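Structural description and commentary
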Amino acid sequence: MTSRELEWSRGDRAKAAAKLMVGWVALLWLLEVVDVASGHALDGLGITPRTPSELVDVVPAAFIHFGFAHVAANSVPLLVMGFLAALGGLRRFAAVCALIIVADGLGVWLIAPAHTNTAGASGLIFGLFGYLLVSGFVERRPLRVLVGLLVGAVWGTSILVGLAPTQSGVSWQGHLLGLVAGVATAFVFKRRTQASDA
């Protein structure tokens, strides 16, 4: 493969990643519009812990939010971190997101306080943060190490605040479990360093 072909392939990958994440965030906003229009009927897709019937909501809960402010708070970090993670390949990105969402959702179902309803993309965001932060080190890819450090510098403080158990109405359990799932995912999907850093 020539350098020009490699450049085009990277450009195509970036366009595909951008389209995917813009579409993903647009879907979250559309779902919230539907939720508001239906009298918040979709809020029931959140996770109520230790209720067997709620296991079916483990995945949908990552796409449902409690109001437009909730969606807005998650949109930019999901868009940026999702884009950066998706540059490694859309198939791999889909697997990474699926593992984080399922692990985080199951964890919330197991340990969240009783009589709570947990939903939102923040568990995935914390997972992508953890994934981006460590995957470069795990795979020994200098460019990804740099990306991880930049992500840590931009969102590190917000992540630490989100892990504090003192915030009312915030699922610190979901944030912590998402972060742990993201770090674990970096090891699960580890691949060998190639001559060209992707």
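To be clear, the structure that these remarks concern was listed above.
Residues numbered from 1 in each chain as written. Predicted model: local features only at pLDDT ≥ 70, side-chain atom pairs only at ≥ 80, totals over all residues. Heavy atoms only, no water.

Take the packing of helix 2 (residues 68–86) against helix 4 (residues 122–139) next. Relative orientation of the contacting elements helix 2 and helix 4 amounts to 40°, with a least axis distance of 9 Å. As the angle between them shows, helix 2 and helix 4 are arranged oblique. The way helix 2 lies across helix 4 gives a crossing that is left-handed. Contacts between helix 2 and helix 4 involve Asn-74, Pro-77, Leu-78, Met-81, Gly-82, Leu-84 and Ala-85 on the former and, on the latter, Ser-122, Leu-124, Ile-125, Leu-128, Phe-129, Tyr-131 and Leu-132. (Axes fitted to C-alpha atoms, helices over the stretch in contact; angles between N-to-C directions. Helix = DSSP H or I, 4+ residues; strand = E, 2+ residues; numbered from the N terminus. Parallel < 35°, antiparallel > 145°, perpendicular 65-115°, else oblique. Left-handed = near helix turned anticlockwise from the far one by under 90°. Contact = heavy atoms within 4.5 Å.)

We now examine the pattern of salt bridges. In this structure the tally under the stated criterion is 3 salt bridges. In this structure, the salt-bridge partner of Arg-92 is Glu-139, at a minimum N-O distance of 2.3 Å. You can see Arg-92 sitting in helix 3 (residues 90–111) and its partner Glu-139 sitting in helix 4, a full 47 residues away along the chain. Across the pair, Glu-139 and Arg-92 agree in class, each one buried. (Salt bridge = Lys/Arg side-chain N within 4 Å of Asp/Glu carboxyl O. Buried < 20%, exposed > 50% of the residue type's maximum accessible area, 1.4 Å probe, protein only.)

Further remarks concern a nonpolar patch on the surface. Taken together, the side chains of Leu-27, Trp-29, Leu-30, Val-33, Val-34, Val-36 and Phe-68 present a nonpolar region at the surface, about 560 Å² in accessible area. On the basis of relative accessible area, Val-36 is assigned to the partly exposed category, the value being 37%. (Patch = residues over 30% accessible without salt bridge, like charges linked within 9 Å, V, L, I, M, F, W, Y side chains within 5 Å. Areas by Shrake-Rupley, 256 points an atom, 1.4 Å probe, with all protein chains shown as cover.)

As a further point, take the side chain of Gln-173. Summarising the element assignment, Gln-173 is placed in helix 6 (residues 172–188). In this view, Gln-173 contacts Ile-111 and Pro-113; residues no more than four positions away in its chain are not counted.

Over the atoms, a rolled probe matching the size of one water molecule traces out where space is still vacant. Computed from the structure, the largest pocket encloses a volume of approximately 730 Å³. Mapped onto the lining of the largest pocket, the elements with two or more residues apiece are helix 2, helix 3, helix 4, helix 5 (142–162) and helix 6. Looking at the lining of the largest pocket residue by residue, the class counts come to 20 nonpolar, 17 polar and 1 charged. (1 Å grid on protein atoms, 1.4 Å probe; cavity = no way out; pocket = protein on both sides within 12 Å on 5 of 7 lines; lining within 4 Å. Points joined across faces, edges and corners; volume = space filled by probe spheres on them. Nonpolar A, V, L, I, M, F, W, Y, C, P; charged D, E, K, R; others polar.)

What follows is about the nonpolar core. Trp-24, Leu-78, Met-81, Phe-93, Leu-124, Leu-128 and Phe-129 are the most contacted members of the largest nonpolar core, which has 30 residues in total. Those elements that place two or more of their residues in this core are helix 1 (3–37), helix 2, helix 3, helix 4, helix 5 and helix 6. With 8 residues, the top contributor of residues to this core is helix 4. Grouped together as the second largest cluster of nonpolar side chains are 8 residues, Leu-42, Ile-64, Val-108 and Trp-109 included. (Core = buried A, V, L, I, M, F, W, Y, C linked by side-chain atoms within 4.5 Å.)

On to the packing of helix 2 against helix 5. Contact pair helix 2 / helix 5: the axes reach a minimum separation of 12 Å and the direction vectors enclose 170°. Judged by the inter-axis angle, helix 2 sits roughly antiparallel to helix 5. Judged by residue contacts, Val-76, Pro-77, Val-80, Met-81 and Leu-84 of helix 2 engage Val-147, Val-151 and Trp-155 from helix 5. When grouped by side-chain class, the residues that make up the contact of helix 2 with helix 5 number 8 nonpolar, no polar and no charged.

Further remarks concern the packing of aromatic side chains. For the coordinates displayed, the defined rule picks out 3 aromatic pairs. Taking 5.7 Å as the distance between ring centres and 15° as the angle between the ring planes, the aromatic pair formed by Trp-24 and Phe-63 counts as stacked. Remark: Phe-63 occurs in the loop between helix 1 and helix 2 and Trp-24 occurs in helix 1; sequence separation between them is 39 residues. Arranged with centres 5.9 Å apart and planes meeting at 15°, the rings of Trp-29 and Phe-68 form a pair that is stacked. With Trp-29 in helix 1 and Phe-68 in helix 2, this residue pair connects regions lying 39 residues apart in the sequence. A relative accessible area of 32% places Trp-29 in the partly exposed class. Members of the aromatic cluster, joined through ring pairs, are Trp-24, Phe-63 and Phe-93. (Phe/Tyr/Trp six-rings, centres within 6.5 Å; stacked < 30°, edge-to-face > 60°.)

Quick look at helix 5 now. For helix 5, which comprises 21 residues, the first-to-last C-alpha distance of 28 Å matches the rise-based estimate of 30 Å (1.5 Å per residue) to within 8%. Taking the largest bend as the criterion, helix 5 deviates by roughly 60°, centred on Trp-155. As for helix 5, its buried residues are in contact with helix 2, helix 3, helix 4 and helix 6. (Expected span 1.5 Å × (residues − 1). Bend = angle between axes of the 7 residues up to and from the residue.)

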